[in-house]
Amino acid sequence: MLALQAAPRWFELDVAATPDIIGGWLICLLTLAVYSFLYKDNPFYKLAEHVFVGVATAWYTMEFYDSGVLKAVFVYLSDAFQTLHEPGKHVTEVGGYGMPTALAIAVRFGAVALSVMLLVRLFNRQSWAPRWPLALMIGIYAALKLTAETQARLVSQVKETMVPVVPEGATWMGVVGNVVFLVGLVCVLGHFVFTFKRGKALAGMSRAGIVILMLTFGGMFGFTVLGRIALLIERVSELASYSEPAYSLSSATAGAAHGWLDTALTPPFLIATLIVLVLVLAKLTGRAQPAPPPA
Amino acid sequence: MKREIPILLTVICGLLVTLAYFAPAPDPARGIEPSAWQAVNSELLDWATILVAVGFLLGIANLVRINLKQIAAKHPDTPYKVVLLLSMGLFLLFGMAEMHVKWLWTPLLTHLVPSDSIERADGTRIEGYVLERGDKEVTLRTAPDYAVTKVPADSVKSITKRSLKIWIYDKFFAPLQATMFSLLAFYIASAAFRAFRARSVEATLLLAAGAIVMLGQVPLGDELTFGLATPMHAFLMGNVVKAGQRAIIIGASLGVLATGLRIVLGLERSYLSE
Amino acid sequence: MIALQAAAAAAVQVADGTAHAAAQVAPAWPASLGSASDWWQGMDALAWRLTPWVATGKIPTAIAIIAFAAVMFASQRKAKRGVEIPIRRLAGLDALDEAIGRATEMGRPVLYVPGTDEIKEIQTIYSMMILRHVARKTAEYGTPLIVPTKNAVVMAFCEEAVRQGCVDAGRPDAFIADNVRYLSDEQFAYCAGIAGIMYRERPAANIYMGMFYAESLILAETGFLHGAIQVAGTARQEQLPFFVAACDYTIMGEEYYAVTAYLTRDPSLVGTIRAGDLVKVAAAALIAVGVTLASIAGSAAALPGTHTLSDVYSRLFG
Amino acid sequence: MATPRSFDRRWIFLAMGVVVVGLYAAGIRAPLPNSRYVESFHKTIEDLPAGSIVLLSADFDPASAAELEPMYKAVIHHLFQRNLRIVNVATWPAAPPFTRDAFSRIAPQYHKQYGVDWVELGFLVGDDVALGSIGQSLRSAYPTDTLNHSAYDSFPLLRAVGDSCQGIALLVTISAGFPGVLEWIPQLGSRYGVPIITGTTAVQTPPLFAYYPNQIKGFLGAATGATQYLQMVAENTPELQPTRDENQKRMLVQSWAHMLIIGLIVVGNVIYFTGRRKAQA
């Protein structure tokens, strides 16, 4: 899939250039190491898994630090201090509302103080201090969802359902669909009613509601299968892109070898054979861990 | 003191953000300027952003502490835990260095961060670090003294940015995360054969709807089902799933509303008992 | 005329956040409130006057929140005063008891997986309440109960829940501390650990209650293969299809919260469930009225520019 | 007879692997019919007057890039072709590299100038809170941009985006889960009335049908939606044609993989029920 403009170099840090060869070997090694878990839990998978947790945690740490600490505190405060020293009126826009810069700085130090209280948990796990910032976060988070989500998911969804059963220019199929939609919606709501006495009507609605729910979960099931397989195909596509002769060991060293040897020496095939060999050897010599349960 | 003030903080911030929701939106046409409500809402949200970030960094410190304790206690997976901490540490070292090029001490800068190659207007190329590239001037740190200098924008023709942080992301993080999730495609296949049984009416309906979607979303679906897949798929998703999803959404919103109200009015104490 | 304006202001909750008041002058009050168009004009006028004080488009949301809060606190007070709010017998509970009963007959342990999220997730907290009920049952029947966890904090809460369950059954000695086990923090390693327990200790009943992510599929499949009766429960929609397809019974979405309310009779939870029911009935009624109005308006071709009752009705709901 | 219970599941893994690798190697392409949801997504962008400002949010990561990166690149091509200005944000920490890569390749093709035609603001931590502060005031949410690290007000494009989403004509979110389109709808759609269109992973597509057509103007559902949209945009975009062909190739592999899954379900049930009937007989 890679549009191979220039030939790949051994090691290339320029992000826009063609992916380099060492990178290709690394990607294929890690991808096939994870897939070796399908055969059996083995050191290759364990290594790949722990490298993943380490690298992922580091990446999230850097992004969270950059967005929540570096920009929101250091850069914000240094800009605010700068406007204080410049001539002209010292006003900082906070949410579009002009606020005196000194006040804006003082207020932002409130957040810094609360962050310090949060960090106290590092030294003393039972301390009461982290409760203040935690309480503030939970209050803001709850209020944000309580208001906007009630409008978007309760009020608007009920309003959107007030549609004519027979809109203009509707085919008979459209009308049937509309009836199924409206009746189905009310039945599923009926199914999720728990404190009303279960008369014949409510029981019937609940039965119909379950049918609609099952078809809904079936739709979700079908889409989930679609998504997971699309992911597998993309991995196969990336491995295929590194099976180009340009990435083969032979072309880099011994010039034009014949076709199949080139491909055999490309990262995916070579690594795959290596992993299989190691696992088979481990199985034969019985040195590997005790056979896992036939899951 | 330990319980009353946190609850007071929750109620005050919660009510402020709730009321700010109903404050009038600034509308220059009607002459409505942004009010203090917008400022309060914006500042509280920024506070929460900072605290979420700091809270996450706290979680990382915890993870490192647990792993170090396990290594010290000769946990059977010790070599793998060392690999975990090593890969995290190295990536943090190079990544953080690259994020602080403006303030970094010169020897650290030259050893940890790959330099960009800057092509000047006269075609000559120099190695250095680009800090800021505005339309009027470019801020650089170049050899030999690596002092922060500003040069006019038109003196710089093109910049080839090099990044070790993005290289590690592309070669380690991206393939590993994508492949870990793609394992599920295999698990779905084995579960399909060994566990998905049409043992009840409900399960049969579920599997049938799943098959309809699987056929309706792909090109071959229609050929194999004599053109039935797409209309059935459209009817199922446009009406039945729309009804089921909308009812689930309305139901779930009531849960969020109930929990939110209890928190904002200070009735929820479970998070204080940690 | 003034009485008319006051009546219009009081009676009509205006909902018009999107009115671009092109003209700077305020729209006039309608002469009478006879037709739908008059009501529409009245709404425009009121919206124009209210805009500097409140975001008029969000008034219906404010009313919905206040109404729900009123109903919720009224029901909670009723529940606290001991008034019996009946919650219908949930099939999910019967399935739980049946599964534990079957494990007892076959003399094999019960496996309870409390979800894979941290304790701050509301579904994990409710899972602790269900675990206490299951622990009470298994203590009564003397059946071993194994609880694998993915998080050290959750493990501590599980131990507490199982101990309480044994005390409830009057058999504090039935509590076995090392049956509550911390396996691993990593998703797939946790599933592999549970698969090991299923292979070695062959539980006859697997119960999955709480917040699940991609693990539902793997656990349900492995459990099915070992011939165990499986009961699952989660409010997370994405995982329900796999539980329904592979488990014998699934407690779906909101039923999960109702089961906890049924078990614990906790007044605040029962009150919330009751308030939720009342709002759902009200929502269904509003939809019915709205659809009939829209259908009438839809078929009777109204003159362009004039507003039908259905327009006014749906504008009221924001 | 090998009952499903004793059947080693690794044979099924092998079957899935062989089907996907084999068919991918065959490399046959299969076009898809259009869908009204994709057409309304496309039309919403076409209807925007030139020069309007679009907020493009990258809410995905490598694990969902298989379905979402083709959509992301196609949308950027489409927005630039329509001479729309793009303010780029991300609410997933692993998204920024995709933004950098896409814009550095696509923007030069349309001679777009950074800071005037598009700006990259990068990742903002906080999930729902991040969406709330982006809606409330982009300026306080992002003191600087993420490419040049220069101040918010130094960009003419950003000065045109006021507070409370004034100046934002459309929100396009390429969303893999939480936070994503289901959180943008309340925080920007309901609160500030910003029209929303979205491209999502398969897992997140079913709920979108409940929000269509008013709370979401149009959407691209899973790899299918991506391919259909690519088919529309690639007609007059030569650079996108390889991506479209690749997606069409993958859709054919997808078709046969689905047939395998359906086959496995059917065969598994047949064995289960015949086995059970034999046991009862």
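Computed from a predicted structure; not experimentally measured.

Participant: Got a minute to help me understand the overall build of chain A in this structure?
Facilitator: The helix and strand inventory of chain A stands at nine helices and two strands. Written out in order from the N terminus, the α and β elements of chain A read α-α-β-β-α-α-α-α-α-α-α. If one aligns the C-alpha atoms of chain A with their principal axes, the spans along those axes are about 75 × 70 × 50 Å. The buried share of chain A, reckoned over its 295 residues, is 54%. In chain A, the proportion of contacts linking residues at least 24 apart, taken out of those at least 6 apart, comes to 42%. Summing over all exposed atoms, chain A offers an accessible surface of approximately 12500 Å²; the carbon and sulfur share of this is 72%. Charged side chains of chain A number 20 positive and 17 negative; the gap between the two group centres comes to 19 Å.

Participant: When you look at the interface of chain D and chain C in this model, what are you seeing that I'm missing?
Facilitator: Much of the literature gives interface size as the accessible area that the parts lose upon coming together. Listed per partner, the contact involves seven residues of chain D and six residues of chain C. Both sides of the chain D and chain C interface together cover about 500 Å² of buried area, and 55% of this is carbon and sulfur. Summed over the shared surface of chain D and chain C, the number is one residue pair in polar contact (both at pLDDT 80 or more). Looking at the side of chain D that touches chain C residue by residue, the class counts come to three nonpolar, one polar and three charged.

Participant: Help me out: how do you make sense of a positive patch on the surface in this one?
Facilitator: Taken together, the side chains of R77, K78, K80 and R81 of chain C present a region of like positive charge at the surface. Relative to the assigned elements, R77 of chain C resides in helix 3 (residues 59-80).

Participant: Explanation requested: the interface of chain B and chain A in the structure shown.
Facilitator: Every contact between the two is made by 119 residues of chain B and, on the other side, 124 residues of chain A. Of the roughly 11400 Å² buried between chain B and chain A, counting both surfaces, carbon and sulfur atoms make up 81%. Contact with chain A buries surface across chain B, with L51, Y80 and R246 of chain B losing the most and accounting together for 6% of the total. Counting every contact that joins chain B to chain A gives four salt bridges. Taking the shortest distance from any N to any O, the salt bridge between D20 of chain A and K171 of chain B comes out at 3.7 Å. On inspection of chain B and its partner chain A, the count reaches 14 residue pairs in polar contact (both at pLDDT 80 or more). Of all the elements in the fold, those that place two or more residues in the side of chain B that touches chain A are helix 1 (4-21), helix 2 (36-72), helix 3 (78-99), helix 5 (164-194), helix 6 (201-216) and helix 8 (229-264) of chain B. Of the residues in the side of chain B that touches chain A, the class split is 78 nonpolar, 24 polar and 17 charged.

Participant: Would you mind going over the domain arrangement of chain A with me for this structure?
Facilitator: Residue and element names in this part refer to chain A. What the domain assignment lists for chain A is domain 1 (19-125), domain 2 (130-162) and domain 3 (167-248 + 263-272). Computed over C-alpha atoms only, the centres of domain 1 and domain 2 are separated by 25 Å. Each partner contributes residues to the interface: domain 1 has four residues there, and domain 2 has five residues. Surface buried jointly by domain 1 and domain 2 totals about 510 Å² across both partners, of which 86% is contributed by carbon and sulfur atoms. There are zero salt bridges connecting domain 1 and domain 2. At the boundary of domain 1 and domain 2, one finds zero residue pairs in polar contact (both at pLDDT 80 or more). The class makeup of the residues in the side of domain 1 that touches domain 2 is three nonpolar, no polar and one charged.

Participant: Please explain the pattern of salt bridges as it appears in this structure.
Facilitator: Working definition: two side chains of opposite charge can pair if their charged atoms are close together. All names here are of chain D. Under the counting rule described, the total for this entry stands at 39 salt bridges over all chains. Measuring nitrogen to oxygen at the nearest pair gives 3.2 Å for the salt bridge that ties E120 to R100. A residue pair is termed long-range when its members are at least 10 positions apart, and E120 in strand 3 (residues 118-123) and R100 in helix 4 (residues 96-106) qualify at 20 residues.

Participant: What should I look at first to understand the packing of aromatic side chains in this one?
Facilitator: The description of two aromatic rings rests on the distance between their centres and on the angle between their planes. For the coordinates displayed, the defined rule picks out 41 aromatic pairs over all chains. Measuring from ring centre to ring centre gives 6.3 Å for F52 of chain A and F173 of chain B, while their planes differ by 20°; the resulting arrangement is stacked. A residue pair is termed interchain when its members come from two chains, as with F52 of chain A in helix 2 (residues 43-85) and F173 of chain B in helix 5. Each member of the pair, F52 of chain A together with F173 of chain B, is buried. A centroid spacing of 5.5 Å and a plane angle of 5° characterise the contact between F103 of chain D and W118 of chain D, whose relative ring orientation is stacked. With F103 of chain D in helix 4 and W118 of chain D in strand 3, this pair connects stretches of sequence that are 15 residues apart. Of the residues examined, F103 of chain D reaches a relative accessible area of 0% and is grouped as buried.

Participant: I keep staring at the sheet that holds strand 5 (residues 156-160) of chain B and nothing clicks. Help me out?
Facilitator: Either a parallel or an antiparallel arrangement is found when strands of a sheet pair, and the pairing is made through backbone hydrogen bonds. All names here are of chain B. The five strands lie next to each other as 4-3-2-1-5, forming an open sheet whose pairing is antiparallel. The open sheet is flanked by strand 4 (148-152) and strand 5, the only strands paired with a single partner. Direction aside, the axes of adjacent strands within the sheet are offset by 50° on average. As paired elements, strand 2 (residues 125-133) and strand 3 (residues 137-142) share five bridges and run antiparallel to each other. Each bridged residue has a counterpart across the sheet, and for V130 the counterpart in strand 3 is L140.

Conventions adopted
- Residues numbered from 1 in each chain as written.
- Chains lettered and ligands numbered in written order.
- Predicted model: local features only at pLDDT ≥ 70, side-chain atom pairs only at ≥ 80, totals over all residues.
- Heavy atoms only, no water.
- Helix = DSSP H or I, 4+ residues; strand = E, 2+ residues; numbered from the N terminus.
- Buried < 20%, exposed > 50% of the residue type's maximum accessible area, 1.4 Å probe, protein only.
- Contact = heavy atoms within 4.5 Å.
- Areas by Shrake-Rupley, 256 points an atom, 1.4 Å probe, with all protein chains shown as cover.
- Lys, Arg positive; Asp, Glu negative; His and termini not counted.
- Charge placed at Lys NZ, Arg CZ, Asp CG, Glu CD.
- Buried area = accessible area lost by both parts, 1.4 Å probe.
- Polar contact = N/O pair within 3.5 Å; in protein donor to acceptor, adjacent residues only side chain to side chain.
- Nonpolar A, V, L, I, M, F, W, Y, C, P; charged D, E, K, R; others polar.
- Patch = residues over 30% accessible without salt bridge, like charges linked within 9 Å, V, L, I, M, F, W, Y side chains within 5 Å.
- Salt bridge = Lys/Arg side-chain N within 4 Å of Asp/Glu carboxyl O.
- Domains from an automatic or database assignment.
- Phe/Tyr/Trp six-rings, centres within 6.5 Å; stacked < 30°, edge-to-face > 60°.
- Pairing = 2+ DSSP bridges.
- Axes fitted to C-alpha atoms, helices over the stretch in contact; angles between N-to-C directions.

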